[in-house]
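Descriptive structure summary
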Amino acid sequence: MPAFLVSCRTNVDVEWIIYSDIDPPPSVPANVSFRRMSVQELNERCSHVLGTRVDIKRRKLCDLKVTYGVIFADDLLPFDFWGCSDLDIIWGDVRRFATDACLQTHDIFSS
């Protein structure tokens, strides 16, 4: 997590939202926000939005990644683009490849 946060700090015009039931570590960069959400709250939100019973205890959270845009749609309203990743990613210069020109001409970036 410390290395992830350092890499976020160097990408000042990219914002990260982390949903978690643990307290944020000290010195979180301004462009990273932690949103407190218990597993039960996440289950309820996913179940409501997806219209089916979701139980994170029986399913891996990463299985839901493809639905994050729907599950967290309200939080994503201010943004033109969103993505998902893991907390073990060390980001380089995101805007080197996600330039304004590319963002205006592409809807999806994928590895």
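Structure: above.
Per-chain numbering applies: the sequence of each chain, read as written, is numbered from 1 onward. With pLDDT at 70 or above as the cut-off, local features in this predicted model cover only qualifying residues; side-chain atom pairs require 80 or more to be listed or tallied, and sums for whole chains, interfaces and linings still use all residues. Hydrogens are left out, water is left out, and the side-chain values use all remaining heavy atoms of the structure.

Remarks on the overall build of the protein
Spelled out, the test is: Every helix listed is a DSSP run of H or I at least four residues long, and every strand listed is a run of E at least two residues long, numbered separately from the N terminus. Burial classes: relative accessible area under 20% of the type maximum marks a residue as buried, over 50% as exposed, and values in between as partly exposed (1.4 Å probe, protein chains only).
Helix and strand content of the protein: six helices and two strands. Order of helices (α) and strands (β) in the protein, N terminus to C terminus: α-β-β-α-α-α-α-α. On the principal axes, the C-alpha backbone points of the protein span a range of 40 × 35 × 25 Å. Taken across its 111 residues, the protein has 27% of its residues classed as buried.

Considering the environment of Leu87
How we decide: The contact definition used throughout considers only heavy atoms, calling two residues in contact when any of these lie within 4.5 Å.
Tracing the chain through its elements places Leu87 in the loop between helix H4 (73–76) and helix H5 (94–97). Note on Leu87: relative accessible area 39%, which makes it partly exposed. For Leu87 and Trp16, which are 71 residues apart along the polypeptide, the C-alpha to C-alpha distance reads 11 Å. If we skip the residues at most four places from it in the chain, Leu87 touches Met1, Phe4 and Ile18.

As for helix H2 (residues 39–50)
Threshold: In this scheme, a helix's expected span is set at 1.5 Å multiplied by one less than its residue total. The directions considered for the arc are those from the helix axis to the C-beta atoms.
For H2, built from 12 residues, the straight-helix expectation of 16 Å at 1.5 Å per residue is met to within 8% by its first-to-last C-alpha distance of 16 Å. Looking at H2, one finds that the buried residues are Leu42, Asn43, Cys46 and Ser47. Axial view of H2: buried residues confined to an arc of 130°, hence all on one face. Looking one or two residues past H2, Gly51 carries a phi angle of roughly 70°, positive in sign.

Focus on the side chain of Ser47
Worth spelling out the cut-off: Polar contacts, as counted here, are pairs of nitrogen or oxygen atoms within 3.5 Å of one another; within protein the pair requires one atom able to donate a hydrogen and one able to accept it, and residues that are adjacent in sequence qualify only if both atoms are side-chain atoms.
Mapped onto the secondary structure, Ser47 falls in helix H2. Engagement of the side chain of Ser47 in a polar contact is seen with the backbone oxygen of Asn43, the distance being 2.8 Å.

A few points about the pattern of salt bridges
Convention followed: We define a salt bridge as a contact between a side-chain nitrogen of Lys or Arg and a carboxyl oxygen of Asp or Glu at a distance within 4 Å.
A complete count under the given rule lists seven salt bridges for this structure. Put simply, Asp13 and Arg95 hold a salt bridge, and the shortest N to O gap is 3.0 Å. With Asp13 in the loop between helix H1 (2–9) and strand E1 (16–20) and Arg95 in helix H5, this pair connects stretches of sequence that are 82 residues apart. The partner of Asp86 in a salt bridge is Lys65, with the nearest N and O atoms 2.7 Å apart. With Asp86 in the loop between H4 and H5 and Lys65 in the loop between H2 and helix H3 (68–71), the pair connects residues that are 21 residues apart, well separated along the chain.

Section: the environment of Asp63
Among the structural elements, Asp63 can be located in the loop between H2 and H3. Sequence separation between Asp63 and Ile90 is 27 residues; the distance between their C-alpha atoms is 22 Å.

Overview of H1
For H1, the full list of buried residues reads Phe4, Leu5, Ser7 and Cys8. Buried positions in H1, seen along its axis, are confined to an arc of 160° and lie on one side of it. Looking at the buried side of H1, the elements it contacts are E1 and strand E2 (32–36).

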